[in-house]
Amino acid sequence: MIEYFPYHRKLLKKKEVKELLNHFDQTLLHVGTMSGGDNETTRQIKQAYNGYFEDPSANKIIYDALDRDSGFCWRTIAQTTERPMLSKSKLGQFYHPHQDSPILGDYSTSIVLNDDFEGGELQLRVAGEVKNYKFKPGEAVTYPTGMDHCVRPVTKGERKAIVIWTKSSVTDPLLREIACLSNKAYHILAKEKDRRKENPYLFEDGIEQASNDPLWLVDKIFSLIGRADGSQWYSRNNGYDQ
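What you see is a predicted model, and the numbers here were worked out from it, not measured in a lab.

A closer look at the pattern of salt bridges
Evaluation of the coordinates by the stated rule reveals 6 salt bridges. Across the salt bridge formed by Asp69 and Arg9, the nearest N and O atoms sit 2.8 Å from each other. Residue Asp69 is found in the loop between helix H3 (56–67) and helix H4 (70–76), and its partner Arg9 is found in strand S1 (residues 7–10); the two are separated by 60 residues along the sequence. Comparing Asp69 with Arg9, the two get one shared label, buried. Across the pair Asp106 and Arg176 runs a salt bridge, and its minimum N-O distance is 3.3 Å.

A few points about the packing of aromatic side chains
Scanning the entire structure with this criterion turns up 2 aromatic pairs. Seen in terms of ring centroids, Tyr4 and Trp74 are 5.1 Å apart; in terms of plane orientation they differ by 85 degrees. Their pairing is edge-to-face. Note that Tyr4 is positioned in the segment before S1 and Trp74 in helix H4, a separation of 70 residues in sequence. A relative accessible area of 6% means that Trp74 is categorised as buried. Ring plane angle 20 degrees and centroid distance 5.1 Å describe the contact between Phe5 and Tyr107, whose orientation is recorded as stacked. Residue Phe5 is found in the segment before S1, and its partner Tyr107 is found in strand S7 (residues 107–112); the two are separated by 102 residues along the sequence. For Tyr107, a relative accessible area of 3% gives the class buried.

Regarding a positive patch on the surface
Together, Lys10, Lys14, Lys18 and Lys136 make up a positively charged patch on the protein surface. Its location among the elements puts Lys14 in helix H1 (residues 14–25). Here Lys14 falls in the exposed class, since its relative accessible area comes to 74%.

Points about the side chain of Asp100
With respect to the element layout, Asp100 can be found in the loop between strand S6 (95–98) and S7. Nearest to the buried, unbridged Asp100 among oppositely charged side chains is Arg159, at 11 Å. Within the structure, the side chain of Asp100 is placed 3.3 Å from the side chain of His98, a separation counted as a polar contact. Within polar-contact distance, the side chain of Asp100 engages the side chain of His149 at 3.3 Å. Dropping the residues within four chain positions of it, Asp100 is found in contact with Ser108, Tyr143, Thr145, His149 and Trp165.

Details of a nonpolar patch on the surface
A contiguous nonpolar patch, built from Leu174, Ile178 and Ile221 and spanning about 250 Å² of accessible area, is present on the exposed surface. For Ile178, a relative accessible area of 36% gives the class partly exposed.

Concerning the confidence of the model for the protein chain
Mean pLDDT over the protein chain: 84, with 82% of residues reaching 70 or higher. Predicted confidence for residues 236–242 stays below pLDDT 50, and this span has 27 contacts to residues more than four positions away or in other chains.

Topic: the pairing of S1
Across the two faces of S1 the burial differs, with Tyr7 and Arg9 buried and His8 and Lys10 not buried at all. The pairing of S1 with strand S11 (residues 139–144) spans 4 bridges and is antiparallel. Opposite Tyr7, over in S11, you have Thr142 as the bridge partner.

Some remarks on the nonpolar core
Core analysis: the largest hydrophobic core is formed by 25 residues, its most contacted members being Leu12, Leu20, Phe53, Ile62, Ile111 and Ile162. Elements supplying a minimum of two residues to this core: H1, H3, H4, S7 and strand S14 (159–168). The element that contributes the greatest number of residues to this core is H3, accounting for 5 residues. Among the nonpolar cores identified, the runner-up in size contains 14 residues, and Leu124, Met147, Val151 and Ala161 belong to it.

Parameters at a glance
Residues numbered from 1 in each chain as written. Predicted model: local features only at pLDDT ≥ 70, side-chain atom pairs only at ≥ 80, totals over all residues. Heavy atoms only, no water. Salt bridge = Lys/Arg side-chain N within 4 Å of Asp/Glu carboxyl O. Helix = DSSP H or I, 4+ residues; strand = E, 2+ residues; numbered from the N terminus. Buried < 20%, exposed > 50% of the residue type's maximum accessible area, 1.4 Å probe, protein only. Phe/Tyr/Trp six-rings, centres within 6.5 Å; stacked < 30°, edge-to-face > 60°. Patch = residues over 30% accessible without salt bridge, like charges linked within 9 Å, V, L, I, M, F, W, Y side chains within 5 Å. Areas by Shrake-Rupley, 256 points an atom, 1.4 Å probe, with all protein chains shown as cover. Lys, Arg positive; Asp, Glu negative; His and termini not counted. Charge placed at Lys NZ, Arg CZ, Asp CG, Glu CD. Polar contact = N/O pair within 3.5 Å; in protein donor to acceptor, adjacent residues only side chain to side chain. Contact = heavy atoms within 4.5 Å. pLDDT = per-residue confidence, 0-100. Pairing = 2+ DSSP bridges. Core = buried A, V, L, I, M, F, W, Y, C linked by side-chain atoms within 4.5 Å.

Right, dumping it as structure tokens:
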């Protein structure tokens, strides 16, 4: 499913970015533990600062943005998203190449709130090729948690970012890929048929009518995926049709 990741897009509205920056600047951050440095002096110079929003309303801004992002929904089939982690990188600071722990979730998302800095690109290894991502305020990139990545050293200013991890409702990677494609197919069909505000289960002529409806058939695939996966997820209603 690599062709659908990394998923780079504008996630936050201008007003939301402004509100989150205000919360960010009021949050006490601590020296992180996932950045570069082999000795005490280097650690003090190279490590970024991490923390969490103290005001729950800041987290809600991010959760609401993800909920309205149909591309995020059909790609991840999200079940839960962890509490957003803040990351501030000053001059010379960076994150060394690593993979996020699968304990955190199935997908990682990086959101950058400002652009008044230089350097600090998010670097990913995508299908064997190294790619650098430079963000505009409010842009985000979502990628599989096991993907090699790092943040390049900041050469001017401060980089203010948010990182979140999302657990998919489908646990098996292959079934998750099938569910992802099915979810996208449903989204396209629903949009083409303008069925988003209708009840897809309302078939007056019964099973025969439903069996010839592509939306109903895709929904049935979702049910089979949930049963095969042994998970509680068996509905295609995951926000894809917003």
